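For reference, the chains in residue letters:
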Amino acid sequence: HSVVTEFILLGLSSSQELQLVLFLVFSVFYGAAVLGNILIILTVITDSRLHSPMYFLLSNLSFIDVCQATFATPKMIADFLNEHKTITFQGCMSQIFFLHVFGGSEMVLLVAMAYDRYIAICRPLHYLAIMSRRVCAVLVGVSWAIGILHSASHLAFTVDLPFCGPNKVDNFFCDLPLVIKLACLDTYVLEILVLTNSGLLSLICFLLLLVSYTVILATVHHQASGGMSKALSTLSAHITVVVLFFGPLIFIYIWPFESFPIDKFISVFFTVFTPFLNPMIYTLRNKDVKEAMKKLKSRMLVLSRFSRK
């Protein structure tokens, strides 16, 4: 029985001058995030040497990062130029849905990538047999399925909440805890359900990642004296991405229903900076990807010269 047809997004700042600066800054970061992740996807597709389970999972992570950066950031950038920052009820529910689809899928995919590294380092002779194309496809499919189910469980009760007056969301997108607080009823139980649902999935994935990397390092340490540095070099990119992804989530779910200025920074970090940093982390420390990108660049230059002629 909602009478609210749109929500007002308060955004990151009310200063017109600052909003112009933010418009330029986030336009650059968003463009770099999308182009960087698309470049990784194209590189993996076009280079046959990268047709392995690890890079297949990496390209899927890049695809999720493109989606993660796109579900809210373009509207945020456009809103910097608009005096009235509004979003329809349907648009708000869509943002909530896609945020949890992409966030849940990425968490599970990071676990799949950790499993891939476990097999590669701890059982190298059986790597290709275990990590077959079918297994990789199943892992990616499971990550999307869990993300969709996780999001649908949130949206199932949020859509039917009665919104009868308050419609100001103190963020640049429809964040589920903030939207729930606008409902015209006691939302304490709903807040606990949201915390339990999202927090449980995050905790399970984080613990699986922690156990996986601990087992890998312990196994390599016992197998070879110099293996620890090699394992750390191989896993450093994965561990860095996990820390960047789960660090903000841990803070969000420690104080999930209170409004702090840092919450907006965490939202920006999660939706803009993490998709921007992931391509840099995986390419700067990976010789195969860098060489493949150089080849792709050479091909593109040849094609551009040929088209001009």
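Look up: the structure comes first, before these words.
Residues numbered from 1 in each chain as written. Predicted model: local features only at pLDDT ≥ 70, side-chain atom pairs only at ≥ 80, totals over all residues. Heavy atoms only, no water.

**Considering helix α1 (residues 16-46)**
The end-to-end C-alpha separation of α1 is 44 Å, in line with the 45 Å expected for 31 residues at 1.5 Å each. Turning to α1, its buried residues are Gln19, Leu22, Phe26, Ala33, Val34, Gly36, Asn37, Ile40, Ile41, Thr43 and Val44. (Helix = DSSP H or I, 4+ residues; strand = E, 2+ residues; numbered from the N terminus. Expected span 1.5 Å × (residues − 1). Buried < 20%, exposed > 50% of the residue type's maximum accessible area, 1.4 Å probe, protein only.)

**Focus on the environment of Ser198**
Along the chain, the position of Ser198 falls in helix α8 (residues 188-223). Look at Ser198 and you get buried, because its relative accessible area is 1%. Separated by 44 residues in the primary sequence, Ser198 and His154 place their C-alpha atoms 8.9 Å from one another. Side chain to side chain, Ser198 and His154 meet in a polar contact 2.8 Å long. (Polar contact = N/O pair within 3.5 Å; in protein donor to acceptor, adjacent residues only side chain to side chain.)

**What to know about the state of the cysteines**
Enumeration according to the criterion identifies 2 disulfides in this entry. Disulfide partner of Cys92: Cys174, at an S-S distance of 2.1 Å. Disulfide Cys92 to Cys174: torsion about the S-S bond roughly -125 degrees, handedness left-handed. In this pair, Cys92 is assigned in helix α4 (residues 89-122) and Cys174 in the loop between β3 (168-169) and α7 (176-180), connecting sequence segments 82 residues apart. When its relative accessible area of 0% is taken as the criterion, Cys92 is described as buried. Disulfide pairing is shown between Cys164 and Cys184; the S-S distance is 1.8 Å. Taking the sign of the S-S torsion, about -115 degrees here, the bridge from Cys164 to Cys184 comes out left-handed. Residue Cys164 is found in the loop between α6 (133-158) and β3, and its partner Cys184 is found in the loop between α7 and α8; the two are separated by 20 residues along the sequence. Given the relative accessible area of 35%, Cys184 is considered partly exposed. Here the disulfide map of the protein chain reads 1-3, 2-4, the bonded cysteines being numbered as they appear in the sequence. (Disulfide = S-S within 2.5 Å.)

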